[in-house]
Amino acid sequence: PSVSRDSLNNLWVFFGTGRFLDTSDKTNSDQQTFYGIKDGCWSGLCTTTYILANLLNTTAVQVSTSTGSASQVSGSTAACGGASTCSYTTLVQTLRESQGWYIYLSNPTTPSERVLSSAVILGGVVLFTTFIPNSDICAMLGDSYVYALYYETGTAYNKPVIGDDGTYIYKSKSLGKGMPTTIGVGIGKETKGFIQTSTGTIVEVDTEAPDVKSRPVGWR
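This report concerns the structure included in the present document. What you are looking at is a predicted structure, and each value in this text was computed from that prediction instead of being measured.

### Concerning the sheet that holds strand 2 (residues 11-16)
Read from one edge to the other, the open sheet built from 5 strands follows the order 1-2-3-8-4, with strand pairing classed as mixed. Of all strands in the sheet, those with a lone pairing partner are strand 1 (2-5) and strand 4 (56-57), marking the two edges. Summarising the sheet, strand 1 and strand 2 pair through 4 bridges and their orientation is antiparallel. Across the sheet, residue Arg5 finds its bridge partner in strand 2, namely Leu11.

What follows is the structure, given as structure tokens:
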């Protein structure tokens, strides 16, 4: 798991499910999930147990590129407080009334997408990689992906972090072939993510995490 605090001082725990340890995992099609949970017991003063019903499923939520629009968010009435579309502000407020969120990773007939490394939280964005093995038991390569989710909603941020298609903001995109590592982050005038796959290729991902910039803060 990876952890972070939000602007309201809630402690969040982020983790995904899945494994790739033996040959049976290459064809495993179990549904895998990524979670963002507000830990109300981080101080050790309670014994609350959370169940899936305490979290909001944001798998189907889409965020359009129309920044500031009252209908920027669609795909889930639960995430929009009962409405078919809503603003990003409404989405955040709805999630603040929940104990957290979860998304289902893609689950083709076989094999399923899974998380194999820890997430990185940067400027309110949860960055992590996933892997779909090749179903051929003798094949080495599979397909890897990178996700960029806003930590309070489990959806794309209201501005592109890893790009958009002109209509909707990406919450994930392909990294190509090979099993990916944890994301390494470089922060300067631009914010970049670096992932190495099992092929040896190093993939550079341009990101635009909010409120993360390198700049002078003072001089004499």
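### Observations concerning the packing of aromatic side chains
Taken as a whole, this structure holds 13 aromatic pairs when the rule is applied. Among the aromatic side chains, those forming a connected cluster through ring pairs are Trp12, Phe14, Phe34, Trp101, Phe128 and Tyr147.

### Let's talk about the sheet that holds strand 5 (residues 62-63)
Pairing is antiparallel in the open sheet, where 3 strands are placed in the order 5-6-7. The sheet terminates laterally at strand 5 and strand 7 (85-86), the two strands that pair on one side only. As paired strands, strand 6 (residues 73-74) and strand 7 are joined by 2 bridges and run antiparallel to one another. Looking across to strand 7, one finds that Ser74 is bridged to Thr85.

### Re the nonpolar core
Of all hydrophobic cores here, the largest spans 40 residues; its most connected members are Phe34, Tyr88, Trp101 and Phe128. Looking at this core, the elements that each hand over two or more residues are strand 2, helix 1 (88-96), strand 8 (100-104), strand 11 (125-133), strand 12 (142-150) and strand 16 (202-207). The element best represented in this core is strand 12, accounting for 5 residues.

### Observations regarding helix 1
Of all the residues in helix 1, the buried ones are Tyr88, Leu91, Val92, Thr94 and Leu95. The buried residues of helix 1 occupy an angular sector of 160° when the element is viewed end-on, so they sit on one face.

### Considerations on the pairing of strand 2
The antiparallel pairing of strand 1 with strand 2 creates a hairpin that spans 5 residues between the two strands, and Asn9 there sits at a positive phi of about 70°. The sheet contact formed by strand 2 and strand 3 (residues 33-38) spans 5 bridges and is antiparallel. When the bridges of strand 3 are listed, Phe14 appears paired with Gly36.

Conventions used here
- Residues numbered from 1 in each chain as written.
- Predicted model: local features only at pLDDT ≥ 70, side-chain atom pairs only at ≥ 80, totals over all residues.
- Heavy atoms only, no water.
- Pairing = 2+ DSSP bridges.
- Helix = DSSP H or I, 4+ residues; strand = E, 2+ residues; numbered from the N terminus.
- Phe/Tyr/Trp six-rings, centres within 6.5 Å; stacked < 30°, edge-to-face > 60°.
- Core = buried A, V, L, I, M, F, W, Y, C linked by side-chain atoms within 4.5 Å.
- Buried < 20%, exposed > 50% of the residue type's maximum accessible area, 1.4 Å probe, protein only.
- Arc of directions from axis to C-beta.

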